[in-house]
Amino acid sequence: MDPEISRRIEFLRYSMIFGIVILHTPPYVPLAETGSTFFDFSKAFFQHAFFRASVPVLTAISGYLLFAHSLDLNFRLLLTKKTRTLLIPLILFNLPLVIALYFFQQSFPIKHEFSVQLHPFELSVWLNAIVGLNSTPINYPLNFLRDLYVLALMAPIFGFLIRRYPWIGLIGIFTLFWFDFDGLIIRRNTMPIVFYLGGLAAVYRWDLKALDRYAVPLFAVFVALCVSIVYFDIENRNYLRVVSPVLIWPAVSLVVGTRFGLWVAGKSRYSFFTFLMHAPLLLAFWLFYKKLSTFVPYWIFWLVTPVFSAIVLSYLYTMLRGRYPRIMQFALG
């Protein structure tokens, strides 16, 4: 692979996952309830628009890499690799939380509305909490891994369409998932579309630098769309999700060769661990902040928490990787 393309992927992996940390920094405020201050608008801009592009961009990259390595043509290898890199982390980073909450609900039967009621034991509820079978897992950002694993299992079908009937296949995939004819097979209906587009780019070896000359106007369009979503209170962000990889990818060419771009790309090794662990850490910080909220303004918490979380998780990753390399290799795939 072209070294610059590799650096772009590394840059986007970390920057988009850091964006997901910003996206999930509590509390969640619905778009319709956005306040009138500049801070309120800025928070909504990043949480309801700008970083909503994170999952589509990461999904397109996943599709590109899967088909670039022709994994769709070797289902045994595909199943082994994706079970190791997606399903096992999905289970291991949900199961301890599920067990802990089960014993908490068993020992302290308080009247509190948890996201899931695990006690008394019910198999379907536990499966949902661990792997997100037909609802969000307890570590809620990990529903991305659940959908990505299902897409990987569907890759041979996608690959057949890409290699034989690429554009008819795109229309079919778009129609099937955009209108939710698949039901709960994939929870985010735009993921299969951008995953398929990533596969097209890989199989037909599209020139991934072709749009670099338009990087500035394309990114300006993306920012304008994000501003419009917040300003006009647009709840349907699927259109932004579909086009965001095309608008963001060329813009990375403007920074990937700079000192900042190389620094961010160098943080890529922390990206997956940061993604897996950020939600419980954010919850812990939020519970701590609530005790300080009377004299610490919320905007300070919102600005500091994502950065501090990323620093804590990078140090935690380094420490665990150094002390327990085999366990970490297994847990992270």
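Residues numbered from 1 in each chain as written. Predicted model: local features only at pLDDT ≥ 70, side-chain atom pairs only at ≥ 80, totals over all residues. Heavy atoms only, no water.

1. Description of the packing of aromatic side chains
Just so we agree on the cut-off: To pair, rings of Phe, Tyr and Trp, with the six-membered ring standing in for Trp, must have centres within 6.5 Å; the planes then decide the type, stacked if under 30 degrees apart, edge-to-face if over 60, and tilted in the middle. The secondary structure listing takes helices from DSSP runs of H or I that are at least 4 residues long and strands from runs of E that are at least 2 residues long, numbered from the N terminus. Per-residue accessibility, obtained with a 1.4 Å probe over protein chains only, is compared with the maximum for each type, and a residue is labelled buried under 20%, exposed over 50%, and partly exposed between these values.
Here the structure, examined in full by the defined rule, presents 34 aromatic pairs. Between Trp286 and Phe301 the ring centres are 5.5 Å apart and the planes differ by 55 degrees, which places this aromatic pair in the tilted class. Taken together, the positions of Trp286 in helix H13 (residues 271-290) and Phe301 in helix H14 (residues 298-323) put the pair 15 residues apart, joining distant regions of the chain. Exposure remark for Phe301: the relative accessible area of 6% places this residue in the buried category.

2. Remarks on the packing of helix H1 (residues 3-23) against helix H3 (residues 54-68)
Defined as follows: Axis definition: a line fitted to C-alpha atoms, over the contacting stretch in the case of helices. Angles run 0 to 180 degrees between N-to-C directions. Crossings are sorted by hand: turned counterclockwise from the far helix by less than a right angle, the near helix makes the crossing left-handed, and turned clockwise it makes it right-handed. Contacts are residue-level and defined by heavy atoms, with any inter-residue pair within 4.5 Å sufficient. For this classification, the nonpolar set comprises Ala, Val, Leu, Ile, Met, Phe, Trp, Tyr, Cys and Pro, the charged set comprises Asp, Glu, Lys and Arg, and every other residue, Gly included, is treated as polar.
It is at 9 Å that the axes of H1 and H3 come closest, and there the two elements cross at 145 degrees. Pair H1 / H3 crosses with left-handed handedness. Each of Ile9, Leu12, Arg13, Met16, Ile17, Gly19 and Ile20 in H1 lies in contact with H3, whose residues at this interface are Ser54, Val57, Leu58, Ile61 and Leu65. Across the contact of H1 with H3, the residue classes break down as nine nonpolar, two polar and one charged.

3. Notes on the pattern of salt bridges
This is how the line gets drawn: In the sections that follow, a salt bridge refers to a side-chain nitrogen of Lys or Arg positioned within 4 Å of a carboxyl oxygen of Asp or Glu.
Following the criterion strictly, the structure yields six salt bridges and no others. One salt bridge connects Lys209 with Asp2, and the closest N-O pair in it is separated by 2.7 Å. Residue Lys209 is located in the loop between helix H9 (191-203) and helix H10 (215-231), and its partner Asp2 is located in the segment before H1; the two are separated by 207 residues in the primary sequence. Residue Asp2 is classed as partly exposed on the basis of its relative accessible area of 32%. Between Glu4 and Lys209 there is a salt bridge, with its nearest N and O atoms 3.5 Å apart. With Glu4 in helix H1 and Lys209 in the loop between H9 and H10, this residue pair connects regions lying 205 residues apart in the sequence. For Lys209, a relative accessible area of 31% translates into the label partly exposed.

4. Overview of helix H7 (residues 143-164)
Heads up, the condition is: The length a helix should cover is 1.5 Å for every residue beyond the first. Values of bend correspond, residue by residue, to the angle between axes fitted over the seven residues ending at that residue and the seven starting there.
In a regular helix each residue adds 1.5 Å, so 22 residues correspond to 32 Å; H7 covers 31 Å between its end C-alpha atoms and thus fits that length. At Met154, H7 shows its largest bend, some 50 degrees, and a proline, Pro156, comes one to four positions later.

5. Concerning a nonpolar patch on the surface
Heads up, the condition is: Think of a patch as exposed residues, more than 30% relative accessible area, with no salt bridge, where like charges cluster within 9 Å and nonpolar side chains (Val, Leu, Ile, Met, Phe, Trp, Tyr) cluster within 5 Å. Using the Shrake-Rupley algorithm and a 1.4 Å probe, accessible areas are obtained, with residue cover drawn only from the displayed protein chains.
Residues Trp299, Ile300, Leu303, Val304 and Phe308 make up a contiguous nonpolar surface patch of about 470 Å² in total accessible area. Residue position: Ile300 is located in helix H14. When its relative accessible area of 31% is taken as the criterion, Ile300 is described as partly exposed.

6. A word on H3
In this model, H3 (15 residues) spans 21 Å end to end at C-alpha, consistent with the 21 Å of a helix rising 1.5 Å per residue. Summarising burial for H3: 13 of the 15 residues are buried, a large majority.

7. A short note on the nonpolar core
Note the following rule: Among buried residues, the Ala, Val, Leu, Ile, Met, Phe, Trp, Tyr and Cys ones that are joined through side-chain atoms within 4.5 Å form a nonpolar core.
The biggest cluster of nonpolar side chains holds 92 residues, and the ones touching the most others in it are Leu12, Leu118 and Phe158. Residues contacting Phe158, with those up to four places away along its chain left out, are Phe67, Leu151, Ile173, Phe177, Pro192, Phe195 and Tyr196.

8. Observations concerning the side chain of Ser54
By the element assignment, Ser54 lies in helix H3. By relative accessible area, Ser54 is classed as buried at 0%. Among all residues touching Ser54, those that are not within four sequence positions of it are Met16, Gly19 and Ile20.

9. Quick notes on the packing of H7 against helix H8 (residues 166-178)
What counts is decided by this rule: Note on terminology: angles under 35 degrees are roughly parallel, angles over 145 are roughly antiparallel, angles of 65 to 115 are roughly perpendicular, and the others are oblique.
Remark: H7 packs on H8, axes separated minimally by 6 Å, with the N-to-C direction vectors making an angle of 140 degrees. Comparing the axis directions of H7 and H8 gives the class oblique. In this structure, H7 contributes Met154, Phe158, Leu161, Ile162 and Arg164 to the contact, and H8 contributes Pro166, Gly169, Ile173 and Phe177.

By themselves these figures say nothing about function.
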